[in-house]
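Residues per chain are reported as follows:
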Amino acid sequence: NLNDADLMPEGWQALGKPALDAPEDIVLYELHVRDYSITDERVPEALRGSYKAFTVDDSYGSVHLQQLADAGLTHVHLLPVADCATIPEDRNAQQQLSEPLNNYAPDGMEQQLAVEQIRGQDGFNWCYDPHHYNLPEGSYATNPEGVTRIIEFRQMVQALNRMGLRVVMDVVYNHTSGSLLGDKSVLDKVVPGYYHRLNADGDIETSTCCANTATEHAMMEKLMLDSLQLWAVHYKVDG
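A short tour of the structure in this document, coming up. (Residues numbered from 1 in each chain as written. Predicted model: local features only at pLDDT ≥ 70, side-chain atom pairs only at ≥ 80, totals over all residues. Heavy atoms only, no water.)

1. Considering the overall build of the chain
Working step 1: From N to C terminus, the chain includes five helices and seven strands.
Working step 2: Going residue by residue from the N terminus, the α and β elements of the chain occur as β-α-α-β-β-α-β-α-β-β-β-α.
Working step 3: In summary, the chain has a C-alpha radius of gyration of 19 Å against a globular reference of 18 Å for 239 residues, a match within 12%.
Working step 4: Considered along the principal axes of its C-alpha atoms, the chain spans approximately 55 × 50 × 35 Å.
Working step 5: Residues classed as buried in the chain amount to 44% of the 239 residues present.
Working step 6: Pairs at least 24 apart in sequence give 69% of the contacts found in the chain among residues at least 6 apart.
Working step 7: Carbon together with sulfur atoms contributes 51% to the accessible area of the chain, which is approximately 12900 Å² in total. (Helix = DSSP H or I, 4+ residues; strand = E, 2+ residues; numbered from the N terminus. Rg over C-alpha atoms; globule rule 2.2 N^0.38 Å. Buried < 20%, exposed > 50% of the residue type's maximum accessible area, 1.4 Å probe, protein only. Contact = heavy atoms within 4.5 Å. Areas by Shrake-Rupley, 256 points an atom, 1.4 Å probe, with all protein chains shown as cover.)

2. A look at the layout of surface pockets
To find the voids left in a structure, one rolls a probe of water-molecule size over its atoms.
Working step 1: Of the pockets and cavities examined, the largest pocket occupies roughly 800 Å³.
Working step 2: Considering the residues around the largest pocket, the lining is formed by 25 residues, among which Arg34, Ile38, Thr39, Gln96 and Leu97 are closest to the centre.
Working step 3: Those elements giving two or more residues to the lining of the largest pocket turn out to be α1 (33–37) and α3 (110–118).
Working step 4: Of the residues belonging to the lining of the largest pocket, the class tally is nine nonpolar, nine polar and seven charged. (1 Å grid on protein atoms, 1.4 Å probe; cavity = no way out; pocket = protein on both sides within 12 Å on 5 of 7 lines; lining within 4 Å. Points joined across faces, edges and corners; volume = space filled by probe spheres on them. Nonpolar A, V, L, I, M, F, W, Y, C, P; charged D, E, K, R; others polar.)

3. Considering the nonpolar core
Working step 1: Leu65, Phe153 and Leu160 are the most contacted members of the largest nonpolar core, which has 42 residues in total.
Working step 2: The set of elements that each furnish at least two residues to this core consists of α1, α2 (60–70), β2 (75–78), β3 (82–84), α4 (148–162), β5 (166–169) and α5 (218–234).
Working step 3: It is α4 that provides the largest number of residues to this core, a total of six residues.
Working step 4: Not counting the four nearest positions on each side in its chain, Phe153 is found in contact with Tyr51, Val81, Pro136, Met169, Trp231, Tyr235 and Val237. (Core = buried A, V, L, I, M, F, W, Y, C linked by side-chain atoms within 4.5 Å.)

4. Comments concerning empty space enclosed by the protein
Working step 1: Within this structure, the stated rule accounts for one cavity of 30 Å³ or more.
Working step 2: Size it by volume and the largest cavity reaches roughly 90 Å³.
Working step 3: Lining the largest cavity, in full, are Pro80, Val81, Ala82, Cys127, Pro130, Tyr133, Met169, Asp170, Val171, Val172, Tyr173 and Trp231.

5. A short note on unusual backbone geometry
Note on backbone geometry: most residues besides glycine have negative phi, and most peptide bonds are trans.
Working step 1: You will see that Cys127, though not glycine, has its phi angle at about 65 degrees, which is positive.
Working step 2: On the secondary structure map, Cys127 appears in the loop between α3 and β4 (130–136).
Working step 3: Of note in this structure, Leu180 is not a glycine but carries a positive phi near 55 degrees.
Working step 4: In this structure, Leu180 sits in the loop between β6 (175–176) and β7 (211–212).

6. Quick notes on the environment of Ala14
Working step 1: Position of Ala14 among the secondary structure elements: in the segment before β1 (28–31).
Working step 2: Taking the relative accessible area as the measure of exposure, Ala14 reaches 70% and is therefore exposed.
Working step 3: C-alpha of Ala14 to C-alpha of Asp35: the two residues are 21 residues apart in sequence and 30 Å apart in space.

7. Looking at the pattern of salt bridges
Working step 1: Counted by the stated rule, this structure contains six salt bridges.
Working step 2: Of the charged contacts, one joins Arg119 and Glu116 as a salt bridge, the two residues approaching to 3.0 Å between their closest N and O atoms.
Working step 3: Close ionic contact of Asp226 with Lys222 constitutes a salt bridge, the shortest N to O distance being 2.6 Å. With a gap of four residues between them, Asp226 and Lys222 both fall in helix α5, about one helical turn apart.
Working step 4: What makes Lys222 partly exposed here is its relative accessible area of 41%.
Working step 5: Here the salt bridges share partners, and the residues they tie into one network are Asp83, Glu89 and Arg149. (Salt bridge = Lys/Arg side-chain N within 4 Å of Asp/Glu carboxyl O.)

8. A closer look at the sheet that holds β2
Working step 1: Across the sheet, three strands lie side by side as β1-β2-β5; this open sheet has parallel pairing. Among the strands making up the open sheet, the edge pair consists of β1 and β5. Within this sheet the neighbouring strands show an average axis-to-axis angle of 30 degrees, counted without direction.
Working step 2: Inspection of the sheet shows β1 paired to β2 by four bridges, in the parallel sense. Residue pairing for β2: Leu28 is matched across the bridge by His75. (Pairing = 2+ DSSP bridges. Axes fitted to C-alpha atoms, helices over the stretch in contact; angles between N-to-C directions.)

Quick look at the structure:
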């Protein structure tokens, strides 16, 4: 129950939003939750790459964002943060690079070869392969089990608002990472063949690189609108 008091950080219900006179005044800064702090030495190691990193006031990232806010930045735009299908959520299970990429020549092939060795097993992904639309991604929480991701996502929004920044999310309602009877399929297991767009042969369209959703269907449209409302109301996301 997202209304339970024990899921709300202190001051959550009284959280005020930074002033915004008109939409045309918006100035956006796009960032990736993990990239924001994964190498920030001022962030405790256990919090690097997480929602909680945004609550560390003296981190390099927080200082930089505060400077930008003071200079006129109004919004932080988060790359997708809804539950992602292909990131191992247990940080202890994630594979790490054997050495930093900047040890390799920038114009060589070694960086790509090193990344390729652990692709799909590390913690890096831009999360454009959604699994559950209404749940914060667990790999960005200090504990992927239980309600920690809910609380820490709210703490991130709270911290950014207190810097004077509103928060908007990149959303991926145009496709799903799984379909039919696949392990990561969700919607086809609710109503088979309804939530995805089909071609004349009855196959799922994949123009977006994954299984396209059929937002022209009433209940897929409703799912999307209900999801947007959930993020706005319960997580205080601004757009």
